[in-house]
Amino acid sequence: MKNILQTINKFEKHLDERAERFFFRHPNLAFLFMLVVLPLLVLLAVTVTTFIIAIPVSIIML
């Protein structure tokens, strides 16, 4: 279990370093990503979660 957590932590640190380096090299893309892409991903996640919950409820209520 400890090895799995260490592997995940190492992967997360590596990914964070690469993203930070990319965003420092391309500040305009970083701004666009934070302003447009992240809100769209949040909306997509909320929509999918709502469908996952609402479809079974609507089937039960029929």
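Above this note sits the structure.
None of the values given here were measured: they were computed from a predicted structure.

**Student:** Which residues make up the overall build of the chain, and what values go with them?
**Tutor:** Helix and strand counts for the chain stand at two helices and zero strands. Relative to the compact-globule value of 11 Å for 62 residues, the chain shows a C-alpha radius of gyration of 18 Å, a clear excess of over 25%. Dimensions of the chain along its principal axes, counting C-alpha atoms only, are 55 × 40 × 5 Å. In the chain, which comprises 62 residues, the share counted as buried stands at 2%. Accessible surface computed for the chain: about 6,100 Å², of which carbon and sulfur atoms make up 74%. Computed over 6 positive and 4 negative side-chain charges, the inter-centroid distance for the chain is 8 Å.

**Student:** If you had to explain the packing of aromatic side chains to someone new, which residues and values would you point to?
**Tutor:** Applying the stated criterion across every chain, the model contains two aromatic pairs. When the centroid spacing of 5.7 Å and the interplanar angle of 35 degrees are considered together, the rings of F23 and F33 count as tilted. Placement of F23 in helix 1 (residues 2–25) and of F33 in helix 2 (residues 27–61) is noted, with a sequence separation of ten residues between them. Judged by relative accessible area, F23 falls into the partly exposed class, the value being 27%. Feature note: the residues F22, F23 and F33 constitute an aromatic cluster, connected by ring pairs.

**Student:** Can you break down a negative patch on the surface residue by residue, with the values?
**Tutor:** Residues E12, D16, E17 and E20 make up a contiguous surface patch of negative charge. Looking at the element boundaries, E12 is found in helix 1.

**Student:** A description of helix 1 should follow, citing residues and the corresponding values.
**Tutor:** With 24 residues, helix 1 should cover 34 Å at 1.5 Å per step; its first-to-last C-alpha distance of 35 Å lies within 8% of that length. Helix 1 sits mainly on the outside: zero of its 24 residues count as buried.

Parameters and conventions
- Residues numbered from 1 in each chain as written.
- Predicted model: local features only at pLDDT ≥ 70, side-chain atom pairs only at ≥ 80, totals over all residues.
- Heavy atoms only, no water.
- Helix = DSSP H or I, 4+ residues; strand = E, 2+ residues; numbered from the N terminus.
- Rg over C-alpha atoms; globule rule 2.2 N^0.38 Å.
- Buried < 20%, exposed > 50% of the residue type's maximum accessible area, 1.4 Å probe, protein only.
- Areas by Shrake-Rupley, 256 points an atom, 1.4 Å probe, with all protein chains shown as cover.
- Lys, Arg positive; Asp, Glu negative; His and termini not counted.
- Charge placed at Lys NZ, Arg CZ, Asp CG, Glu CD.
- Phe/Tyr/Trp six-rings, centres within 6.5 Å; stacked < 30°, edge-to-face > 60°.
- Patch = residues over 30% accessible without salt bridge, like charges linked within 9 Å, V, L, I, M, F, W, Y side chains within 5 Å.
- Salt bridge = Lys/Arg side-chain N within 4 Å of Asp/Glu carboxyl O.
- Expected span 1.5 Å × (residues − 1).

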